[in-house]
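Inside the fold
Here is how the chains run, residue by residue.
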Amino acid sequence: QVQLVESGGGLVQAGGSLRLSCAASGSTFITDIMGWSRQAPGSQRELVATVDSGGSTNYVDSVKGRFAISRDKSKKTVYLKMNSLKPEDTAVYYCSYSDYHGITYWGKGTLVTVSS
């Protein structure tokens, strides 16, 4: 079992920045993928960014150049630095952890609200 706790959400004006953090605890593996997804009201959950255990990253097109995902293996923590935020980035952001079995764990989410 893996537990994930997100932090760092809040209210920010358009053009501002926020950094989300997600700390993992429990039985983590050397080979894994951590990521961030988001869900806006009335919309489906959308995968925003991932980083694997080798440091390779992937982003959805809408955040490329504005968001940066990183991880600290020693702290079992993944970060999402969000710059140039837009009102359409408003959503609940969820951290995820996927092990080499293909099992994915989710955090409870943190709300990001971007005002125009």
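The structure under discussion appears in the preceding block.
Attention in this report is confined to the structure presented alongside it. Quick caveat: nothing in here was measured; it's all calculated off a predicted structure.

**Some details on the sheet that holds strand β7 (residues 67-72)**
The four strands are arranged β1-β3-β8-β7 in an open sheet whose pairing can be described as antiparallel. Whereas interior strands pair on both sides, the edge strands pair on one side only; in this sheet they are β1 (2-7) and β7. With direction set aside, neighbouring strand axes in the sheet form an average angle of 15°.

**Focus on the pairing of strand β3 (residues 18-26)**
As judged from the six bridges shared by β1 and β3, these two strands associate in the antiparallel manner. When the bridges of β3 are listed, Gln 3 appears paired with Ser 25. The pairing of β3 with strand β8 (residues 77-82) spans six bridges and is classified as antiparallel. Among the inter-strand pairings, Leu 20 is bridged to a residue of β8, identified as Leu 80.

**Quick look at unusual backbone geometry**
Phi is positive for Lys 76, close to 50°, though the residue is something other than glycine. The residue Lys 76 is located in the loop between β7 and β8 in this model. By relative accessible area, which is 33% here, Lys 76 ends up partly exposed. At Ser 84, a position not held by glycine, the phi torsion is positive, near 50°. With respect to the element layout, Ser 84 can be found in the loop between β8 and β9 (91-99).

What counts, and where the lines are drawn
- Residues numbered from 1 in each chain as written.
- Predicted model: local features only at pLDDT ≥ 70, side-chain atom pairs only at ≥ 80, totals over all residues.
- Heavy atoms only, no water.
- Pairing = 2+ DSSP bridges.
- Helix = DSSP H or I, 4+ residues; strand = E, 2+ residues; numbered from the N terminus.
- Axes fitted to C-alpha atoms, helices over the stretch in contact; angles between N-to-C directions.
- Buried < 20%, exposed > 50% of the residue type's maximum accessible area, 1.4 Å probe, protein only.

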